[in-house]
Structure formats: C-alpha cells, structure tokens
Amino acid sequence: MKTYHVRTSSKKYTVHSGSFGIKEIVHLVTQNLKCDRFFVLIDKNVNKIYGTEIQKEFNRQTGESYFFQMTSLEKQKSYSTIQKIYDELAKQNFGRDAGMILIGGGVVGDIGGFVASTYMRGIKCVHIPTTILAAVDSSIGGKTGYNFRNTKNLIGSFYQPDLVITSTEFFSSLSPKEIDSGIGEIIKYGYLSGKKFYEYLLSNYNSIHSLDKRVIEYVLQECISFKTSVVSDDEREGGIRKVLNFGHTFAHAFESYYQYKISHGKAVAAGILAANILSHKKGIITTNQLNSFQKLPAMMKFPKFLQEFDSTDLTRRMDLDKKNKSGKLNFVLLKDLGELLIDVNVNKNELNSALNEFKRLISV
Ligand code: GLY
C-alpha cells in the first residue's frame, strides 16, 4: 500500500493506493471518517459486479447505509441527475453529518463531488475510483461539476474530498475501451513528469494494456504522486495546476463535437498530438522533438471519424472552454519533456494550420 498526502488550504487528506479488497476499503473509510450515515453513490456496472459485497460490508461495519446507483455516461453528467440525488438525500433525511461515498469512474466522482459540495453547504465525501482514469486524475484534487449547454464541466466547484482509496482490484473488470481511456490520461503524465517516465511508458505500453500488476502499480505511483503534489501547490488552478490540462482544450472540443462517442482518455491522447503540432507551429519545439514527442500517443488506435471535424465548429467549442480568458485562446504547450508552458496565446490561423496537420496525421 502507498499513501500520499494532499495539503491544500481548504483541506488536508490522504490518498491510499493498493490492491485492497472490499472489506479493507470499508475499514479504511470507517477508520478515517466519522459520519452518522453513509450515502453510497455507485456506478451501475460496478454495482452489478461488486454491489452485494460492498453493501454487505458497509452494513456490517457502519450500520445501515443507503445505496444509489447511476449510469456513468457523459450525458448523465447533468443537472437532472444531480437533482435526483439531492431528492434522494433529502427524502432519506440525510443531514450535515452524512458522508458520501463515491464508487465509480469520473462521472460518478464529478457528479457526486458536486452534490457533496452543495448539499447542506457541504458534507464529507470519499472517492473510491474504480477506473484507471479516475484513479490517476479525477478522484484527486477536488474538481467537481457537470456538463451544461454541451460544454464539459461548465458548472462546478472545487471541493476536496476527505479521503481517496484506489484499489487495482477493480481494474480487472474494466473493458478494453475503459483501459484505453485510462492510458490516455497516463500518457499525459509522461510529458509532465519528464523523460524517464515518458520512456518507461513507451517501452511498457503493452504491459499497461494487459494490466501487468508490477507495471500498473509503478505507473499509478508516478501519476498519483505527481498529481497530489501539483494540487497541494495550486489547489484552484491559478498557475502550475494548469499543466494537468495538457491536451484537454482539444480533447474537450473533440468530445463535445463527436457527442462523447470518443472516450475522454482517447480524446486527451488525440489532444496531445494536436497540442504538440501547435507547439511546433509556434516554434516552441523543433521538428525532431515533434517526431519524438508524438511517439507515445501515436501508439493508440484512433477512430476513423476523428478526422471528420469542421475546424470552425471545433474552434467555436474551444472558445467556450473555461481556460480561455477574454476571448483569447490559451493553451498548455510542450517545450520539452517535463517542461510545459501555460497560458500560451494562440491565434486562429495558427490553430487552423495545426488542426489541418492533425487531420493529415490521423488519416494515415
Ligand atoms: N484534471 C485536471 C485537474 O484536476 O486539474
């Protein structure tokens, strides 16, 4: 088991990462959280596989808990889902001393985190990510929210959880698509962490895919330790935390344009390819660097339709991205492995030219 600490001005909490069984997970919850009742928000598929055991352990160790399952599709990340959860919390008389336990991927974590941050002006919450994507990214750092007017996470809050428990035991039930999506976010850390980790990911790509225990554990360690440290330094994304958005301005636009037919992680990997082209167009990296930096995301298979976008429409979707201030398009761009530039202003011509080159790259 590895333990990491997030220390922000709003909250200090621990991330436990290991291959915990359900009994151990519930034990960690009860050891660390003093709540009078637990409201467990659980992904429908996770509930199908592990629900009976989780429910049994919660009831045994905490007295009775209330379970609410949800389908984790991106279109479910809406205010109407949030209203249903508020409704259930209120109907079941959950009060200020309640704790929300969020078991699932990024959708459950983002939606549940938002509810926890607003119900009764904030109740305790624990993230138990069951996907690789949520384990390395969304469960840590307190970003919560939902999609609005076709813009991803337009409404949301920063609300740090009280505890995060990551268990690799859940990963064995992930579909190849979900594993692929997690790898997209892992790839991002190759650029953020630096050359050693980038090269490790390049040479161990297939072992990550096949969930080789030793490789996955090392990869989780690198990603979680990077993320906990960045969030501790910059909780509300005033500066350095922006590096975690590398590839995401493109990614969110791809997801919205293709109505979430492309997974988040795959969109991030595609977004990194596009961002690297943009870095090259702006003269930040050389052609040799570009060729070498494209190798890792290029190991992914991208859907054929990814090259079909209309650039004007895609760019309009980027305009709505929260990272863009006063009508200017700002990007996180790569200078070198382990060296990112934040708030790089890009004009429409540079962007169009990068998008055209991205289309050519994706179509071969
Ligand atoms: N997913 C990016 C962040 O947590 O800041």
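Structure first, text after, so check above.
Residues numbered from 1 in each chain as written. Predicted model: local features only at pLDDT ≥ 70, side-chain atom pairs only at ≥ 80, totals over all residues. Heavy atoms only, no water.

Focus on the side chain of E185
Tracing the sequence through the fold places E185 in helix α6 (residues 176–193). Residues in contact with E185, not counting those within four places in the same chain, are L133, V136, D137, H248, H264, G265 and V268. (Helix = DSSP H or I, 4+ residues; strand = E, 2+ residues; numbered from the N terminus. Contact = heavy atoms within 4.5 Å.)

Overview of unusual backbone geometry
One non-glycine residue, Q259, lies in the positive phi region at around 50°. Note that Q259 resides in the loop between α10 (248–257) and α11 (264–281). Classification of Q259 as exposed rests on a relative accessible area of 59%. Although it is not a glycine, Y260 sits at a positive phi angle of roughly 60°. Mapping Y260 onto the fold places it in the loop between α10 and α11. For Y260, a relative accessible area of 21% puts it in the partly exposed group. (Buried < 20%, exposed > 50% of the residue type's maximum accessible area, 1.4 Å probe, protein only.)

Digging into the sheet that holds strand β6 (residues 124–129)
Across the sheet, seven strands lie side by side as β1-β2-β9-β6-β5-β3-β4; this open sheet has mixed pairing. The outermost strands of the open sheet, each flanked by one partner alone, are β1 (2–7) and β4 (66–70). Neighbour to neighbour, the strand axes of the sheet diverge by 15° on average, direction disregarded. Pairing between β1 and strand β2 (residues 12–18): six bridges, direction antiparallel. Across the sheet, V6 pairs through a bridge with Y13, a residue of β2. Relative to strand β3 (residues 37–43), helix α2 (residues 44–62) is tilted by about 165°, and along the sheet it contacts β3, β4 and β5 (98–104). Docked against the sheet, helix α3 (residues 79–91) engages β3, β4 and β5, running at close to 170° with respect to β4. (Pairing = 2+ DSSP bridges. Axes fitted to C-alpha atoms, helices over the stretch in contact; angles between N-to-C directions.)

Digging into the packing of α6 against helix α9 (residues 213–233)
The geometry of α6 relative to α9 is characterised by a closest axis approach of 10 Å and an angle of 65° between their N-to-C directions. For the element pair α6 and α9, the recorded crossing hand is left-handed. Between α6 and α9, the residues in contact are I186, Y189, L192 and S193 and V219, E222, C223, F226 and K227, respectively. Considered class by class, the residues forming the contact of α6 with α9 number six nonpolar, one polar and two charged. (Left-handed = near helix turned anticlockwise from the far one by under 90°. Nonpolar A, V, L, I, M, F, W, Y, C, P; charged D, E, K, R; others polar.)

Concerning the state of the cysteines
Two cysteines whose sulfur atoms are joined by a covalent bond form what is called a disulfide. Taken as a whole, this structure holds zero disulfides when the rule is applied. The thiol sulfur of C35 is not disulfide-bonded, and the nearest other cysteine sulfur, from C125, lies at 9.9 Å. (Disulfide = S-S within 2.5 Å.)

With respect to the pairing of β6
Every other side chain in a regular strand lies on the same face of the sheet, so the side chains alternate between the two faces. Among the six residues of β6, five are classified as buried, and the element is accordingly described as predominantly covered. Examined bridge by bridge, β5 and β6 share six bridges and lie parallel to one another. What sits directly across from G99, in β6, is K124. Tracing the backbone out of β5, into helix α4 (residues 106–118) and back to the parallel element β6 gives a crossover that is right-handed. Bridge count between β6 and strand β9 (residues 163–167): two bridges; the pairing is parallel. If you follow V126 over to β9, its bridge partner there is L163. (Right-handed = clockwise from strand over helix to strand, strands pointing away.)

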